[in-house]
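# Analysis of the macromolecular model
Chain by chain, the residues:
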Amino acid sequence: LVGETLYEQRLNGSVGAYAIGDGRLLWETPATGDSAGGPIVSGGMLFVADDMKGVMAFADPTLIALLPKPVVNAPPSVAPSMLAVPNPFTIVRAFSWDRTKLAIPLGMDVGPDALLYILDTRPAVTVIDPADGHIVRTWGRQGSGPGEFDVSRSDDNPGFGDVAVGTDGRVYVADGSNHRVQVFGPDGSFLSQFGSFGTGEGQFRSINEIAIAHDGSVYVHDGAISKFTADGKFRWRSPNVEAAVGMAVRADGTLLATCEPCKQLLLLDPGDGHVSDRWDMPQIDGDGFGPVNIDPSGNIYMNVNGSESQLVFDNAGRFLGGQYLREGDERNEAGKETRWGDIFMPSPVFLPDGRAFSFGRGGLLELKVTLPN
């Protein structure tokens, strides 16, 4: 509220100005379709922080005419360290979105049957044969009953949810906005579920991610990380692990968690969830880590938010290479907004023979990964 005018920041990114005397709409800015913060009114100008466009300023045209002309800076040059990074990823083939019938994928894992299990925003689980891309089976629909999912969320992100497959073939679905984990047989038959809404032991807020260890232990990430047995018995809950946004389990049982603000990879003890080690990742140029996966050799793959890149480290944290969105890259142009599919998402999952799969604009992608010796 400034003077006789009330300024409202709306969920669609627009701002409305209202006369407090009668509630009349005086003016409004166009919707951006993205989350925004503010507004701040100062010096006759209104400032809004938009997730996609950054800080925006609005003013009356007469005031704008009095302001000095903005100086347009040349796009920043690409850091030499980025230009020198070897890109280990080559797209071998793509199975189109029409062929796989998928909406936006939220998670993908490889089963012991060497098939790909994918949870998407329809919401449904789809099983795809990576040999030829055909749909083996699918199950699920919107709802809260057994075999039904709710992955919806109120912001501009695709949804809350993930899928992981145990070594015994059981399929664990993080039913994100239903605040539970559902367990299915590999044929899609409902077996059990665990969890409810809350912050206590065995309870969840909105679930972002799920991972299965080789011993069948189940890790669930909802801001904190909780550990369960294969049949859903609660073991421990780690507090909010410094804004962790991704996790994966190593062959030795150690849990890896990506720390978004601190640009570190955290190693969690599977016994009680305490942070046993921290790896600094000096190659990170962005806001921090995103989703993470591990290949059969123990190499670590992770998305980096902000620079929109997919980086690869060996099992000791040594940087091996990556794919960046950068000036001159066919996936990016200077000043162009990043769109879903500009970078591989999620981090690749791997078949036992080393073939990698992720998603991009072309659909489900088979990738060849060539790493230095």
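What counts and what doesn't
- Residues numbered from 1 in each chain as written.
- Predicted model: local features only at pLDDT ≥ 70, side-chain atom pairs only at ≥ 80, totals over all residues.
- Heavy atoms only, no water.
- Phe/Tyr/Trp six-rings, centres within 6.5 Å; stacked < 30°, edge-to-face > 60°.
- Helix = DSSP H or I, 4+ residues; strand = E, 2+ residues; numbered from the N terminus.
- Buried < 20%, exposed > 50% of the residue type's maximum accessible area, 1.4 Å probe, protein only.
- Lys NZ or Arg CZ within 6 Å of the ring centre and 35° of its normal.
- Pairing = 2+ DSSP bridges.
- Axes fitted to C-alpha atoms, helices over the stretch in contact; angles between N-to-C directions.
- 1 Å grid on protein atoms, 1.4 Å probe; cavity = no way out; pocket = protein on both sides within 12 Å on 5 of 7 lines; lining within 4 Å.
- Points joined across faces, edges and corners; volume = space filled by probe spheres on them.
- Nonpolar A, V, L, I, M, F, W, Y, C, P; charged D, E, K, R; others polar.
- Core = buried A, V, L, I, M, F, W, Y, C linked by side-chain atoms within 4.5 Å.
- Patch = residues over 30% accessible without salt bridge, like charges linked within 9 Å, V, L, I, M, F, W, Y side chains within 5 Å.
- Areas by Shrake-Rupley, 256 points an atom, 1.4 Å probe, with all protein chains shown as cover.
- Salt bridge = Lys/Arg side-chain N within 4 Å of Asp/Glu carboxyl O.
- pLDDT = per-residue confidence, 0-100.
- Contact = heavy atoms within 4.5 Å.

A word on the packing of aromatic side chains. Evaluated as defined, the whole model comprises 13 aromatic pairs. Here the aromatic rings of Tyr219 and Trp236 are separated by 5.9 Å at their centres, their planes lie at 55°, and the arrangement is tilted. In this pair, Tyr219 is assigned in strand S19 (residues 218-221) and Trp236 in strand S21 (residues 234-238), connecting sequence segments 17 residues apart. There is no split in this pair, since Tyr219 and Trp236 are both buried. Aromatic side chains Phe228 and Phe234 sit 5.8 Å apart centroid to centroid with 75° between the ring planes, which places their arrangement in the edge-to-face category. In this structure Phe234 comes out as partly exposed when scored by relative accessible area, which is 22%. Here a set of aromatic residues connected by ring pairs shows up, and it is made of Phe89, Tyr301, Phe344 and Phe350. Sitting over the face of the ring of Phe160, Arg153 holds its NZ or CZ atom 3.9 Å from the ring centroid.

Now for the pairing of strand S2 (residues 15-19). Of all 5 residues in S2, 4 are buried; the element is thus mostly enclosed. Bridge count between strand S1 (residues 5-9) and S2: 5 bridges; the pairing is antiparallel. From the neighbouring strand, Leu6 faces S2, where its bridge partner is Tyr18. Linking two consecutive strands that pair antiparallel, namely S1 and S2, is a turn of 5 residues; a positive phi of about 95° is found at Gly13 within it. Note that S2 and strand S3 (residues 25-28) share 3 bridges and pair antiparallel. Pairing of Gly16 across the sheet is with Glu28, part of S3. The turn linking S2 back onto S3 is made up of 5 residues, and Gly23 within it adopts a positive phi angle of 75°.

Spatially, the 4 strands line up as an open sheet ordered S8-S9-S10-S11, and their pairing is antiparallel. Unpaired on one side and paired on the other, strand S8 (105-110) and strand S11 (135-139) mark the two borders of the sheet. Pairs of neighbouring strands in the sheet enclose a mean axial angle of 20°, with direction left out of account. One ladder, built from 4 bridges, connects strand S10 (residues 124-128) with S11; its direction is antiparallel. Pairing of Thr126 across the sheet is with Thr138, part of S11.

Of the volumes computed, that of the second largest pocket is approximately 240 Å³. Lining the second largest pocket we find Tyr7, Trp27, Thr29, Val41, Gly44, Met45, Leu46, Ala57, Phe58, Ala59 and Asp60. Secondary structure elements with two or more residues in the lining of the second largest pocket: strand S5 (45-50) and strand S6 (54-59). For the lining of the second largest pocket, the element with the highest residue contribution is S6, accounting for 3 residues. Of the residues in the lining of the second largest pocket, the class split is 8 nonpolar, 2 polar and 1 charged.

Next up on the list: the nonpolar core. Core analysis: the largest hydrophobic core is formed by 14 residues, its most contacted members being Tyr117, Leu119, Trp139, Phe149, Val171 and Val173. Mapped by element, the contributors of at least two residues to this core are strand S9 (116-120), S10, strand S14 (162-165) and strand S15 (171-175).

Below, the discussion takes up a nonpolar patch on the surface. A surface patch of nonpolar side chains, amounting to about 300 Å² of accessible area, comprises Leu1, Leu6 and Ile20. Within the fold, Leu6 resides in strand S1. Accessibility expressed as a relative area gives 40% for Leu6, which makes it partly exposed.

For the rest of this paragraph, the subject is unusual backbone geometry. The omega angle of the peptide bond from Arg122 to Pro123 is 0°, so this bond is cis rather than trans. Along the chain, Met345 connects to Pro346 via a cis peptide bond; the corresponding omega equals 0°. Within the fold, Pro346 resides in the loop between strand S29 (319-324) and strand S30 (349-350). For Lys101, which is not a glycine, the phi torsion comes out positive at approximately 60°. Looking at the element boundaries, Lys101 is found in the loop between helix H3 (97-100) and S8. According to the relative accessible area criterion, Lys101 is exposed, its value standing at 53%.

Averaged over every residue, the pLDDT of the protein chain is 86; residues scoring 70 or more account for 84%. Every residue in residues 74-83 scores below 50 in pLDDT, and together they form 9 contacts with partners more than four places removed in sequence or on other chains. Across residues 327-336 the pLDDT falls below 50, and counting only partners more than four positions away or on other chains, this stretch makes 15 contacts in the model.

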